[in-house]
Amino acid sequence: MAHIRIALSQFRPTKGEYAENVARIGAVLTQAAHLDPKPDLVVFPETATSGYFVEGGVKELAVTAGTLARDLAAAYQGPAIDVVVGFYERFQNHIYNSALYVTLGSKKPEVRHVHRKVFLPTYGVFDEERFVDRGQDGVRSFETGWGGKAAILICEDAWHSLAATVAALEGAQLVIVPSASPARGLGEVEDCEGESLPASVIRWERIVRGIAEEHGVFVALANLVGFEGGKGFPGASAVIDPTGRVLARGPLFEEALLTADIDLDSLTTARSDSPLLADLQSALPVLTRSLSGDKQTQKVRFDPETNGIPAHGAPRTAHVDVVAHRVPDDDPLGIDPELTRRWLVSFLKDEVVRRRGFTKGLVGLSGGVDSALTAFLAAEALGKENVTGVRMPYRTSSPESLAHAQLVIDKLGIPAVTVDISDAVDGYLKQIGDADPHRLGNVMARERMIVLFDLSAKYKALPLGTSNKSERLLGYFTWHGDDAPPVNPLGDLFKTQVWALARHVGVPEEIVAKPATADLIKGQTDEGDLGVSYLNADRILYHLIRGEESRGFTKEEVEIVRKRLDSTHWKRRLPTVAVLSQTAIGEFYLRPVDY
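What counts, and at which threshold
Residues numbered from 1 in each chain as written. Predicted model: local features only at pLDDT ≥ 70, side-chain atom pairs only at ≥ 80, totals over all residues. Heavy atoms only, no water. Pairing = 2+ DSSP bridges. Helix = DSSP H or I, 4+ residues; strand = E, 2+ residues; numbered from the N terminus. Axes fitted to C-alpha atoms, helices over the stretch in contact; angles between N-to-C directions. Core = buried A, V, L, I, M, F, W, Y, C linked by side-chain atoms within 4.5 Å. Buried < 20%, exposed > 50% of the residue type's maximum accessible area, 1.4 Å probe, protein only. Contact = heavy atoms within 4.5 Å. Phe/Tyr/Trp six-rings, centres within 6.5 Å; stacked < 30°, edge-to-face > 60°.

**Quick notes on the sheet that holds strand S11 (residues 218-223)**
Inference 1: Ordered by their spatial adjacency, 6 strands build an open sheet running S6-S7-S8-S11-S14-S15, and the pairing between neighbours is mixed. The sheet terminates laterally at strand S6 (141-143) and strand S15 (246-249), the two strands that pair on one side only. The sheet shows a mean angle of 20 degrees between the axes of neighbouring strands, direction not considered.
Inference 2: In terms of strand pairing, strand S8 (residues 174-179) meets S11 through 6 bridges, oriented parallel. Looking across to S11, one finds that valine 177 is bridged to leucine 221.

**Let's talk about the nonpolar core**
Inference 1: Counting 65 residues, the largest nonpolar core has Leu348, Leu365, Val408, Leu464 and Val561 as its most contacted members.
Inference 2: In terms of residue count, helix H9 (residues 369-382) provides more of this core than any other element does, 10 residues in total.
Inference 3: Residues contacting leucine 464, with those up to four places away along its chain left out, are Leu348, Val352, Gly361, Leu362, Val363, Thr374, Ala378, Pro485 and Val487.

**Comments concerning the packing of aromatic side chains**
Inference 1: Scanning the model with the defined rule gives 14 aromatic pairs in all.
Inference 2: Ring geometry for tyrosine 52 versus phenylalanine 53: centroids 4.6 Å apart, planes at 90 degrees, classification edge-to-face.
Inference 3: On the accessibility criterion, tyrosine 52 (5% relative accessible area) is buried.
Inference 4: Geometrically, the ring pair formed by phenylalanine 227 and phenylalanine 253 is stacked, given 5.9 Å between the ring centres and 20 degrees between the ring planes. With phenylalanine 227 in strand S12 (residues 225-228) and phenylalanine 253 in the loop between S15 and strand S16 (256-263), this residue pair connects regions lying 26 residues apart in the sequence.

Written out as structure tokens, the structure is:
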């Protein structure tokens, strides 16, 4: 069959619910089977049956390939169709991150291949090798139900050029890449066909386009969507032709069934125009000869000099100017605000509604830019009628703070509640006595969290966090106070990035432009407390947390930021618990909060 239709399912699994996910996969397959023309192959992402970050939960969620094939066959009633599904697999008393290739539609499902992930990432947000075993069967091509040959590379497998090379040398015409790679990177976005993409998505496309172009193969990249513990899977699945051209690309952060028609005969033209695979097949014995180790100690051979005039007798060349142009450094904290807005709105939809089952949210409106931005994002994600703005003044609070909070309430048209915390705070401090300004501020911050969590129970609404990355890194917040809400859309945005995004979404300029203040003490400002401007602190932090030297700042500024960063790490962690058993929470008993 020269012409085949591929469908890629950008799938959002319900985390930890194998049966529910298989049922939904069956529903997607049934939907695909009703397309005209019907796809010959439907590809689901890595770990589609469970979600990716299940950590210790893999022992409960892993199934045999035969079990998954049986369950898929039961969930799908339709004509013959090839399916690829990523799952955690039990095989010979081991657990693997695997992908099943099966033909459904006959009386009994026909398992054509199981690929077990070879490269298990253990860096950044990944810790795969702790929970699953490395695949020992390497990369193989196999016969498909549509008559061609395919190979599967799961996520990081595709990042290692040798894996794709083996697939091509084995005769694969189509390389299938199921992936569950969280989106990362707002500062290096490029515009692709009118749409900005996260930096990690752009890099992924470069990888798969390189595989296709170098080896003369089609590539089908199927990505998860949805959020798991704040880590967002971006979608943007793609089908690449053997010249490296993107035939189709899925949307960002949303479920979709992406289809593309490919012509296997075009492989002939591509491989003829760029015979890199043929060259590789010819040169492979030469390239691999040194891997045997037989010639590792041999020196390179070369012929001695021949008769002629020594080169040193030739006239010298004229002076050559040395030119070194530096490419101007981009702002490392620059973001694409529209991409960021879409990202965070999708995050709130997933984490509040889909993961935690709430339809409503609460935002404590202080009159500052952080809470205003959170309210704007929440109103878009949940609907303005489902977001309640809560003003919680103390008797010394600035009238401007109340007015600016009301400005947000009026502009968004959201319901609002005002709770004066003065009596509660003063009543407590009257009993304890000797309240210095620092303790007073902490009591106020924690009292506001009491209000928000109590209103959460009353209104069945989830409190939404408003702390930004600068505050969190500098420790400029009250522990179990303003950083307590369980979902925070701004926690990975520096203050200067918050300002940029706030202006983009329409937060009133008088709120964005005013000096940042916690408004716990009269006349207080953040930058006055910190001793360094956010403009400088953000850039110093950017370099410090990357292990780089901060240039262009005074030694005093760098030391202020470094000291606050190093001395407040405890505030960014859960309480330290003495580990006494082999089931200690967070050490051995590993379940993400939303598992």
